[in-house]
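If you want the building blocks of each chain, they are given just below.
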Amino acid sequence: MASLDSIASAGATSGVKARPGVLSRLLRNKSALIGGSIVLLFVLMAVLAPVLPLADPFKSNFLAIRKPPSELYWFGTDELGRDQVTRLFFGARASLLAGIVSVLIAVVIGLPFGLLAGWYGGWVDIVISRVTEALLACPFLILAIAFAAVLGPSLTNAMIAIGLSAVPIFIRLIRGQVMSVKAEDFVEGARAVGARDLRLMFRHVLPNTLSPIVVQSTLFMAQAIILEAALSFLGLGQQPPAPSWGQMLNVAKNFMEQAPWMSVAPGVCIFLAVLGFNLLGDGLRDALDPKEN
């Protein structure tokens with residue numbers, strides 16, 4: 001019986017561990033490499049911002065207000081004479097942090113509910129699914145704005161609002177994956193040798209749902225960056241004088257004619273970051289596709 005259990009356990013984890021070609025397929029995917037390089041660039045910007053010899057992102061210089069791009073100020077200065085390059089580097093910290101924390105919140109809350117709904121079915125599934133569908137009926141951005149407005153304007157509250165808004169997405173994804181995996185033969189084999197529900201869910205079913213969760217998490221980081229920028233643009237995210245790309249756009253909209261460069265740099269950063277995460281997510285989806293094994 002122990003040998004049958006070990007065989008079932010090996011089958012349960014094969015969906016994640018037995019993928020020797022995943023990394024090689026990912027490295028052969030040019031789009032994924034481009035996306036990963038863009039993401040890595042922004043991660044380095046965020047990590048090295050306090051270390052590099054950059055100007056103070058909070059210090060005003062009233063002799064350099066709204067200066068156009070030059071050798072001294074590569075991307076120009078803002079309405080208070082602060083260097084745009086410096087604020088872009090420190091703004092990357094807020095945007096990437098928003099993406100990471102929002103995904104963690106959504107996964108930590110959505111995973112147990114999706115697991116319970118998909119495994120037990122019945123009234124548990126009905127209750128969780130109806131609540132999930134009700135939340136999904138509300139536009140994602142509107143839901144995030146509502147949560148942020150209730151919690152109050154700050155980067156922390158914006159991350160919580162984005163994460164809570166994404167919970168229904170992950171519940172639905174995990175529920176569908178669990179319902180598909182629990183019908184597999186190796187799960188029935190583990191049940192036949194006496195494995196209990198908790199062991200079946202966490203030892204055999206959950207590992208086989210990790211691939212789509214990783215892909216969805218990567219893709220959602222792009223959405224989280226856009227949402228953080230949107231909330232900051234509306235005054236519900238990062239508060240001045242702390243820099244974030246959305247907050248920089250919020251200020252730049254008032255000087256579109258006098259200083260258009262103020263909006264170009266943060267807008268390009270948001271575009272490239274979203275593009276990078278989307279390309280990386282698409283590459284991960286192709287590399288983790290079991291049909292490619």
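All of these numbers come straight from a predicted model, not from anything done at the bench.

Chemist: Could you clarify how one ought to interpret the pattern of salt bridges in this entry?
Modeler: Tallied over the entire structure, the rule returns six salt bridges. Salt-bridge contacts for E133 lead to R130; the nearest nitrogen and oxygen are separated by 3.0 Å. Of the two residues, E133 and R130 are both situated in helix 5 (residues 122-136); the distance of three residues between them amounts to about one turn of the helix. R130 sits in the partly exposed class, given a relative accessible area of 43%. Counted as one network, the salt bridges with shared partners bring together D78, E79, R82 and R87.

Chemist: It is not clear to me how helix 6 (residues 140-151) should be interpreted in this structure. Could you clarify?
Modeler: Since the α-helix packs 3.6 residues into each turn, any two residues three or four apart lie on the same face. Look at helix 6: 17 Å from first C-alpha to last across 12 residues, which is about the 16 Å you get at 1.5 Å a residue. Among the residues of helix 6, F140, L143, A144 and A148 are the ones counted as buried. Buried residues in helix 6, looked at end-on, bunch into an arc of 130°, giving them a common side. Turned more than 90 degrees away from the buried face of helix 6 sit A149 and V150, all of them exposed. Those residues of helix 6 hidden inside the fold are in contact with helix 5, helix 7 (155-181) and helix 10 (210-233).

Chemist: I tried to follow the packing of aromatic side chains on my own but got confused; where do I start?
Modeler: In this structure the tally under the stated criterion is three aromatic pairs. Between F140 and F220, the ring centres sit 5.8 Å apart and the planes meet at 70°, which makes this aromatic pair edge-to-face. In this pair, F140 sits in helix 6 while F220 sits in helix 10, placing the two residues 80 residues apart along the sequence. Clustering of aromatic rings is evident, with ring pairs tying together F140, F170 and F220.

Chemist: Any chance you could explain the nonpolar core here in plain terms?
Modeler: In summary, soluble globular proteins display a tendency toward joint burial of nonpolar side chains. F42, F220 and W245 are the most contacted members of the largest nonpolar core, which totals 62 residues. Setting aside its immediate chain neighbours within four residues, F220 contacts S102, V103, F140, I162, A166 and F170.

Chemist: For this particular structure, what's the right way to read the packing of helix 10 against helix 11 (residues 245-252)?
Modeler: Describing two packed helices takes the angle between their axes plus the distance from one axis to the other. As a packed pair, helix 10 and helix 11 sit with axes 7 Å apart at the nearest point and diverge in direction by 40°. In this view, helix 10 runs oblique relative to helix 11, as classed from their interaxial angle. Between helix 10 and helix 11 lies a crossing of right-handed hand. Along the contact surface, helix 10 presents I225, A229, S232 and F233, while helix 11 presents W245, G246, Q247, L249 and N250. Looking at side-chain class alone, the contact of helix 10 with helix 11 contains five nonpolar, four polar and no charged residues.

Chemist: What am I meant to see in the packing of helix 6 against helix 7 here?
Modeler: Contact geometry for helix 6 and helix 7: axes closest at 8 Å, N-to-C directions at 140°. Looking at the two axes, helix 6 sits oblique to helix 7. Handedness of the helix 6/helix 7 crossing: right-handed. Along the contact surface, helix 6 presents F140, L143, A144, F147, A148 and L151, while helix 7 presents N157, I160, A161, I162, L164, S165, A166 and I169.

Chemist: When you look at the side chain of S263 in this model, what are you seeing that I'm missing?
Modeler: Mapped onto the elements of the fold, S263 is located in helix 12 (residues 261-287). Once residues lying within four places of it in the same chain are set aside, the contact partners of S263 are L249, A252 and M256.

Chemist: Explain unusual backbone geometry to me, please; I cannot follow it from the model alone.
Modeler: As a rule of thumb, non-glycine residues mostly have phi less than zero, and peptide bonds are mostly trans rather than cis. Omega for the bond connecting P240 with P241 falls within 30 degrees of zero, at 10°, which places this linkage in the cis form. Relative to the helices and strands, P241 resides in the loop between helix 10 and helix 11. With phi around 50°, R66 is a residue other than glycine that occupies positive phi space. Here R66 shows up in the loop between helix 3 (30-48) and helix 4 (84-120). Assessed through its relative accessible area of 30%, R66 is described here as partly exposed.

Chemist: Is there a simple way to think about the environment of G276 in this case?
Modeler: The residue G276 is located in helix 12 in this model. Owing to a relative accessible area of 0%, G276 belongs among the buried residues under this scheme. Each C-alpha atom, one on G276 and one on L249, is 20 Å from the other, the two residues being 27 residues apart in sequence. Excluding anything up to four places from it in sequence, G276 contacts G35, I38 and V39.

Conventions adopted
- Residues numbered from 1 in each chain as written.
- Predicted model: local features only at pLDDT ≥ 70, side-chain atom pairs only at ≥ 80, totals over all residues.
- Heavy atoms only, no water.
- Salt bridge = Lys/Arg side-chain N within 4 Å of Asp/Glu carboxyl O.
- Helix = DSSP H or I, 4+ residues; strand = E, 2+ residues; numbered from the N terminus.
- Buried < 20%, exposed > 50% of the residue type's maximum accessible area, 1.4 Å probe, protein only.
- Expected span 1.5 Å × (residues − 1).
- Arc of directions from axis to C-beta.
- Contact = heavy atoms within 4.5 Å.
- Phe/Tyr/Trp six-rings, centres within 6.5 Å; stacked < 30°, edge-to-face > 60°.
- Core = buried A, V, L, I, M, F, W, Y, C linked by side-chain atoms within 4.5 Å.
- Axes fitted to C-alpha atoms, helices over the stretch in contact; angles between N-to-C directions.
- Parallel < 35°, antiparallel > 145°, perpendicular 65-115°, else oblique.
- Left-handed = near helix turned anticlockwise from the far one by under 90°.
- Nonpolar A, V, L, I, M, F, W, Y, C, P; charged D, E, K, R; others polar.

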